[in-house]
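Residue strings, one per chain:
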Amino acid sequence: MTKETIRVVICGDEGVGKSSLIVSLTKAEFIPTIQDVLPPISIPRDFSSSPTYSPKNTVLIDTSDSDLIALDHELKSADVIWLVYCDHESYDHVSLFWLPHFRSLGLNIPVILCKNKCDSISNVNANAMVVSENSDDDIDTKVEDEEFIPILMEFKEIDTCIKTSAKTQFDLNQAFYLCQRAITHPISPLFDAMVGELKPLAVMALKRIFLLSDLNQDSYLDDNEILGLQKKCFNKSIDVNELNFIKDLLLDISKHDQEYINRKLYVPGKGITKDGFLVLNKIYAERGRHETTWAILRTFHYTDSLCINDKILHPRLVVPDTSSVELSPKGYRFLVDIFLKFDIDNDGGLNNQELHRLFKCTPGLPKLWTSTNFPFSTVVNNKGCITLQGWLAQWSMTTFLNYSTTTAYLVYFGFQEDARLALQVTKPRKMRRRSGKLYRSNINDRKVFNCFVIGKPCCGKSSLLEAFLGRSFSEEYSPTIKPRIAVNSLELKGGKQYYLILQELGEQEYAILENKDKLKECDVICLTYDSSDPESFSYLVSLLDKFTHLQDLPLVFVASKADLDKQQQRCQIQPDELADELFVNHPLHISSRWLSSLNELFIKITEAALDPGKNTPGLPEETAAKDVDYRQTALIFGSTVGFVALCSFTLMKLFKSSKFSK
Ligand SMILES: Nc1nc2c(ncn2[C@@H]2O[C@H](COP(=O)(O)OP(=O)(O)OP(=O)(O)O)[C@@H](O)[C@H]2O)c(=O)[nH]1
Ligand SMILES: Nc1nc2c(ncn2[C@@H]2O[C@H](COP(=O)(O)OP(=O)(O)OP(=O)(O)O)[C@@H](O)[C@H]2O)c(=O)[nH]1
Ligand SMILES: [Ca+2]
Ligand SMILES: [Ca+2]
């Protein structure tokens, strides 16, 4: 409900009973002689029989046709018009004067047409949620046929017609409710009275609701699923008779109604079909019980314009500048359930058909996904289908990069609660200072980290991303132009699970490295050079020179293509020297052909994200004495390994060449 206050302007010829209607309604008694024009009366929400969707206030405004200026003034601020007549003359005036007059004022608001002084009819109250055999159908239908129908056909602004009596209080509450309903539950977005069909947006929304309610995905709403839907929308259960009535009605329509002949609306033993669900809602609209349809739509957060409420899709979340957003256990649980529900063939992957079904109740794949080549941004199985591990990684990444996409899709997928419950905001980064330098403090509440992989063209960045997703190495080289992304989960010692996002920036590398805000979202920079290309390291040196602020972040140096012959880097400083100078680890030698070297790297990147102090340049170890000791042993150990390694390498070469020389 968007409106807090609804203004109902009551008009009609002199003496039709306008003022009497207001008095009778509000005082519940008929006072034969009253003043000409009553002052506006405000009726609070509690007055209504079904307060859920009624406005906070409804103001009833009495008018008189003797003062057209005042009347027009009121009409222009009206939300709905209660147009009253009571006899032949005032009836003729409805189409000859009143309705054309509203049009001439340019009003585009609903009109409730009311025939007053119908004193001979007893008060019957029919108000049921489910379509039921209408108890007032048998009451004098002459007025409807002769008076209401022609005028309803001619003036589409007439929402409903009703007979009342101010004297006997017949249907006064109903008339008042209809005025409110015209605003709170408008028929026009749902139903096209001209063609007698539900409107396309309504059909789309209802189809989506059907999909979400069909829990076992068999394309039928069985009794259980209907009960679930009823409970959810009306917070009450449906009784067996009502349910049987609906079923019989649908069976009857598919047997006798020419339009639906041979179309399955309800299949005994299985349930209501999607067509059946639509037909049912069409019947609600036709019988003036479209509140039922609105109640269903609103439960699924549809607004009057039949789109899902933006505040539900994108709830406001307070995210401090240096915090990140991750999925909560509840969010992961929901996404696991969705995956399992749609993995219909149970093979641990979602194939195209299954993905298509899953995204049927959404506007399609998120933009972020299509622009990052989903599903190849994450783990797929040997058939190219996203696995559960990949699915969760993909959502972890989406939440990290743009949580608003996650909340929206959770709602599309049918997440019942406030979508914020599926998220958690991490603590803002704390900063520490050592040796006069600010650096990021240890992290203990995050499990998703973001790493930019930087390096000279052809140094092996894409191969690294591919290997991270468990894909086999390819000799082929195709330069990366558009940024690329890869996300996967990994486990550190002790069994803790993390998600790591690796981004290769392509032609945007400079632009992104320049942008300090972008770097706030970056946990680690992975600086890669090709150890077999002598010109490769100098690229990194010049980047670090150019973007000095990179040195405020954790850095991990990587020497790629370790399976090829190592070359001396043509550069004023060698990789190990630079690392020493910056107080960070020496480059890790990896090869995309050697899986174990890669695993070590990914763990190292994650550890660098968890403990930025150890990996940020310019921070010598705090305890100097211990440090030296450690370094000496490390060096000795290192050189031994180096010597042995060198020996074995030469020996092997000799051995090999001698073998070949034979
Ligand atoms: N029998 C009968 N008489 C009614 C009913 N409603 C109003 N009247 C009578 O009709 C006359 C006009 O009623 P009002 O309520 O003053 O009508 P109004 O439309 O406000 O008239 P103006 O203010 O003059 O435009 C009064 O004598 C009422 O008693 C009704 O439902 N049944
Ligand atoms: N021998 C060997 N070749 C590798 C290795 N890693 C990558 N390559 C090859 O190096 C070439 C470039 O690899 P990519 O991963 O595309 O390099 P890149 O850094 O992404 O290149 P750009 O996107 O142009 O910046 C390809 O032919 C790969 O097959 C490796 O570890 N060993
Ligand atoms: Ca079902
Ligand atoms: Ca690349």
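In this convention, every chain numbers its residues from 1, walking through the sequence in written order. Note on labels: chains are lettered from A, ligands numbered from 1, in written order. This being a predicted model, a pLDDT of at least 70 is required before a residue's local features are given, and a value of 80 or more before pairs of side-chain atoms are given or counted; all residues contribute to the totals for chains, interfaces and linings. Computation of side-chain values: all heavy atoms of the structure, hydrogens and water removed.

1. Let's talk about the UniProt feature "domain: Miro" in the protein chain
UniProt positions are given in the numbering used here, feature names are shortened, and annotations may be inferred rather than shown by experiment. This chain's UniProt record puts "domain: Miro" on residues 3-185 and 446-611. Strands here mean DSSP runs of E at least two residues long; helices mean DSSP runs of H or I at least four residues long; both are numbered from the N terminus. Annotated as 32% helix and 23% strand, the span residues 446-611 places its first and last C-alpha atoms 12 Å apart.

2. With respect to the environment of Thr-426
Considering the arrangement of structural elements, one finds Thr-426 in the loop between β14 (423-425) and β15 (431-434). Each residue is assigned to one of three classes by its accessible area relative to the maximum for its type, calculated with a 1.4 Å probe on protein chains only: buried under 20%, partly exposed between the two thresholds, exposed over 50%. The class of Thr-426 is buried, set by a relative accessible area of 4%. Through-space distance from the C-alpha of Thr-426 to that of Val-325 is 6.2 Å; in sequence the pair is 101 residues apart. Reaching out from Thr-426, the side chain makes a polar contact with the backbone nitrogen of Ser-324 at a distance of 2.7 Å. Counted as a polar contact is a pair of N or O atoms within 3.5 Å, where, for protein atoms, one must be capable of donating a hydrogen and the other of accepting one, and residues adjacent in sequence contribute only when both atoms are in side chains.

3. A short note on the site of ligand 1
Near, as used in this document, describes a residue that has one of its heavy atoms within 4 Å of the molecule or strand being considered. The local shell around ligand 1 holds 17 residues, among which Lys-18, Ser-20, Asp-36, Asp-119 and Ala-166 are the closest. One of the backbone N or O atoms of Lys-167 is found 3.1 Å from an oxygen atom in ligand 1. For every accessible area listed, the method is Shrake-Rupley and the probe measures 1.4 Å; residues are considered covered only by the protein chains on display. Expressed as a share of its isolated accessible area of 650 Å², the protein-covered part of ligand 1 is 80%. In terms of residue class, the shell around ligand 1 is made up of five nonpolar, six polar and six charged. The nonpolar class holds Ala, Val, Leu, Ile, Met, Phe, Trp, Tyr, Cys and Pro. Asp, Glu, Lys and Arg form the charged class, and all remaining residues, Gly among them, are polar.

4. Digging into the coordination of the calcium ion (ligand 3)
As a rule, N, O and S atoms within 2.8 Å of a metal are its donors, except that Na, K and Ca use 3.2 Å; water is not among the atoms, so sites may look incomplete. On the protein side, the calcium ion (ligand 3) has Asp-214 (OD), Asn-216 (OD1), Asp-218 (OD), Tyr-220 (O), Glu-225 (OE) and Glu-225 (OE) as donor atoms, found 2.2 to 2.5 Å from it. A four-donor site is called tetrahedral if each angle lies between 85 and 135 degrees; a four-donor site is square planar, and a six-donor site octahedral, when trans pairs exceed 155 degrees and the remaining angles lie between 65 and 115; all other cases are labelled irregular. Here the calcium ion (ligand 3) binds six donor atoms, and the angle range of 54 to 161° at the metal identifies the geometry as irregular. Sequence positions of the donors to the calcium ion (ligand 3) reduce to the motif D-x1-N-x1-D-x1-Y-x4-E. Note that Asp-214 is positioned in the loop between α6 (200-213) and α7 (223-234) and Glu-225 in helix α7, a separation of eleven residues in sequence. The buried category is assigned to Glu-225, whose relative accessible area is 5%.

5. Quick notes on the coordination of the calcium ion (ligand 4)
Donor atoms from the polypeptide that coordinate the calcium ion (ligand 4) comprise Ser-462 (OG), Thr-480 (OG1), Glu-504 (OE) and Glu-504 (OE), at 2.0 to 3.2 Å from the metal. Given six donor atoms and angles of 44 to 178° at the metal, the environment of the calcium ion (ligand 4) is assigned as irregular. Counting the intervening residues between successive donors of the calcium ion (ligand 4) yields the motif S-x17-T-x23-E. One end of the pair, Ser-462, is in helix α16 (residues 461-468); the other, Glu-504, is in strand β19 (residues 497-504), with 42 residues separating them in the sequence. In this pair, the class of Ser-462 matches that of Glu-504, namely buried.

6. What to know about the pairing of strand β18 (residues 484-491)
Burial of β18 is extensive: six of the eight residues sit out of reach of the surface. With eight bridges connecting them, β18 and β19 associate as antiparallel partners. The partner of Leu-490 across the bridge, within β19, is Tyr-498. Where β18 folds back onto β19 in an antiparallel hairpin, the turn is made up of five residues, including Gly-494, whose phi is positive at roughly 95°. Note: two strands are recorded as paired if DSSP finds a minimum of 2 bridges between them.

7. Observations concerning the pattern of salt bridges
Every case where a carboxyl oxygen of Asp or Glu lies within 4 Å of a side-chain nitrogen of Lys or Arg is listed as a salt bridge. In total, this model carries 27 salt bridges according to the counting rule given. Among the salt bridges present, the one from Arg-181 reaches Glu-291, with a minimum N-O distance of 2.9 Å. Residue Arg-181 is located in helix α5 (residues 172-184), and its partner Glu-291 is located in helix α10 (residues 290-299); the two are separated by 110 residues in the primary sequence. Each member of the pair, Arg-181 as well as Glu-291, carries the same accessibility label: buried. The partner of Asp-563 in a salt bridge is Arg-593, with the nearest N and O atoms 2.9 Å apart. A residue pair is termed long-range when its members are at least 10 positions apart, and Asp-563 in the loop between β21 (555-560) and α20 (575-582) and Arg-593 in the loop between β22 (588-589) and α21 (595-610) qualify at 30 residues. Residue classification places Arg-593 among the partly exposed positions, given a relative accessible area of 43%.

8. Considering the confidence of the model for the protein chain
Per-residue confidence from the predictor is given as pLDDT, running between 0 and 100. Scored by pLDDT, the protein chain has a mean of 89; 89% of the residues are at 70 or more. We call two residues in contact whenever any of their non-hydrogen atoms come within 4.5 Å of each other. Scored below 50 in pLDDT, residues 123-139 makes 24 contacts in the model with residues more than four places away or belonging to other chains. Within the model, pLDDT remains below 50 along residues 624-662, and this stretch shows two contacts once partners closer than five positions in the same chain are excluded. With pTM at 0.82, the complex prediction returns an ipTM value of 0.78.

9. Details of the site of ligand 2
Around ligand 2, a shell composed of 22 residues is seen, among which Lys-461, Ser-463, Ser-474, Glu-475 and Tyr-477 lie nearest. A distance of 2.8 Å separates an oxygen atom of ligand 2 from a polar backbone atom of Cys-458. Contact distances for ligand 2 include 2.8 Å between an oxygen atom and a backbone N or O atom of Thr-480. Considered on its own, ligand 2 offers 650 Å² of accessible surface; in the complex 93% of this is hidden by protein. A per-class count over the shell around ligand 2 returns seven nonpolar, seven polar and eight charged.

10. A few points about unusual backbone geometry
Generally, phi is negative for residues other than glycine and the peptide bonds are trans, each holding for most cases. Residues Phe-374 and Pro-375 are joined by a peptide bond in cis, for which omega reads 0°. Positive phi values are uncommon outside glycine, yet Ser-435 reaches one of about 50°. You can see Ser-435 is positioned in the loop between β15 and β16 (437-440). Residue Ser-435 is classed as exposed on the basis of its relative accessible area, which comes to 54%. Phi angles above zero are rare outside glycine, and Lys-561 is one such case at about 60°. Take Lys-561: its relative accessible area is 24%, and that puts it in the partly exposed class.

11. Structural notes on the sheet that holds strand β6 (residues 158-163)
The strand order across the open sheet formed by six strands is β2-β3-β1-β4-β5-β6, and the pairing between neighbours is mixed. Taken across any chain shown, the strands that pair with only one partner, and hence form the sheet edges, are β2 (41-44) and β6. Neighbour-to-neighbour, the strand axes of the sheet open up by a mean angle of 20°, direction not taken into account. Here five bridges tie strand β4 (residues 80-85) to strand β5 (residues 111-115), and the two strands are oriented parallel to one another. Here, axes are lines fitted to C-alpha atoms. For helices the fit covers the stretch in contact, and angles between N-to-C directions go from 0 to 180 degrees.

12. Side note on the packing of aromatic side chains
A pair of aromatic rings is counted whenever rings of Phe, Tyr or Trp (Trp by its six-membered ring) have centres within 6.5 Å, and the orientation is called stacked for planes under 30 degrees apart, edge-to-face for over 60 and tilted otherwise. On inspection of all chains with the given rule, the structure shows 25 aromatic pairs. Between the aromatic rings of Trp-369 and Phe-374, the centroid separation amounts to 4.5 Å while the plane-to-plane angle is 35°, which identifies the pairing as tilted. Judged on exposure class, the residue Trp-369 and its partner Phe-374 are both buried. Between the aromatic rings of Tyr-510 and Phe-547, the centroid separation amounts to 5.5 Å while the plane-to-plane angle is 80°, which identifies the pairing as edge-to-face. Of this pair, Tyr-510 sits in helix α17 (residues 509-514) while Phe-547 sits in the loop between α19 (537-546) and β21, placing them 37 residues apart in sequence. Phe-547 sits in the buried class, given a relative accessible area of 3%. An aromatic cluster is built from Phe-339, Phe-359, Trp-369, Phe-374, Trp-391, Trp-395, Tyr-409, Tyr-412 and Phe-413, whose rings are joined through pairwise contacts. Comment: the charge-over-ring label is applied if NZ (Lys) or CZ (Arg) is within 6 Å of the ring centre and within 35 degrees of the ring normal. Above the plane of the ring of Trp-294 lies Arg-298, whose end atom (NZ or CZ) is 4.6 Å from the centre.

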